[in-house]
Amino acid sequence: MKGTIRLIGNAFQPPRGQAWHGGPTPLGALRSVSAVSARWRPAPDRHSIWALTLHIAYWNYAVRRRLLGIDLPRFPRWPANFPVVPKPANQRAWLLDRALLAEEHQLLFETIADFPGRLLHRSAGGRKRWSWGDLILGITLHDAYHAGQIQMLKRLWNSR
């Protein structure tokens with residue numbers, strides 16, 4: 001069963017470049033994105049690439065915490081689901097937040113790779129009826145969905 005988790009974990013990799021679905025991973029989608037384009041929003045009520053980057057990092061952290069079943073130090077940004085883009089939103093801050101996503105992604109990948117395969121079909125507990133496998137698949141799809149949004153925002157930025 002551990003091989004099953006390896007396959008699921010490999011679907012979650014590589015952290016850069018193309019993912020299992022043929023498109024980029026979130027980190028791959030961020031290649032060549034500057035702080036200026038990352039903080040741009042296509043409309044006042046829409047998220048920026050930067051906001052999506054922090055959102056993805058948070059949910060990688062949250063799923064890792066759930067899979068480990070232990071308390072981890074708080075996520076370093078606030079509020080949790082869509083952390084605030086830092087001020088000043090400059091290139092240095094952007095590189096730090098990209099590094100945060102890379103770190104959370106790698107830690108989640110390692111956690112998934114070590115997760116016991118025999119537990120995949122068991123309930124993850126809580127109020128939801130999801131299994132551990134559902135949780136792992138869900139975060140993989142979550143990342144793919146937001147990587148697509150980042151790709152669209154890059155195109156919108158370039159065509160404005």
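Keep in mind the model is a prediction, meaning the values are calculated, not measured. (Residues numbered from 1 in each chain as written. Predicted model: local features only at pLDDT ≥ 70, side-chain atom pairs only at ≥ 80, totals over all residues. Heavy atoms only, no water.)

Student: Is there a simple way to think about the side chain of His55 in this case?
Tutor: With respect to the element layout, His55 can be found in helix α4 (residues 49–68). Reaching out from His55, the side chain makes a polar contact with the side chain of His142 at a distance of 3.0 Å. (Helix = DSSP H or I, 4+ residues; strand = E, 2+ residues; numbered from the N terminus. Polar contact = N/O pair within 3.5 Å; in protein donor to acceptor, adjacent residues only side chain to side chain.)

Student: How should the pattern of salt bridges be read in this particular structure?
Tutor: Two side chains bearing opposite charge may form a pair once their charged atoms approach each other closely. One pass over the structure, following the stated rule, counts two salt bridges. The partner of Glu104 in a salt bridge is Arg64, with the nearest N and O atoms 3.0 Å apart. Residue Glu104 is found in helix α5 (residues 91–114), and its partner Arg64 is found in helix α4; the two are separated by 40 residues along the sequence. When its relative accessible area of 10% is taken as the criterion, Arg64 is described as buried. Close ionic contact of Arg77 with Asp97 constitutes a salt bridge, the shortest N to O distance being 2.6 Å. Of this pair, Arg77 sits in the loop between α4 and α5 while Asp97 is found in helix α5, placing the two residues 20 residues apart along the sequence. Asp97 sits in the buried class, given a relative accessible area of 6%. (Salt bridge = Lys/Arg side-chain N within 4 Å of Asp/Glu carboxyl O. Buried < 20%, exposed > 50% of the residue type's maximum accessible area, 1.4 Å probe, protein only.)

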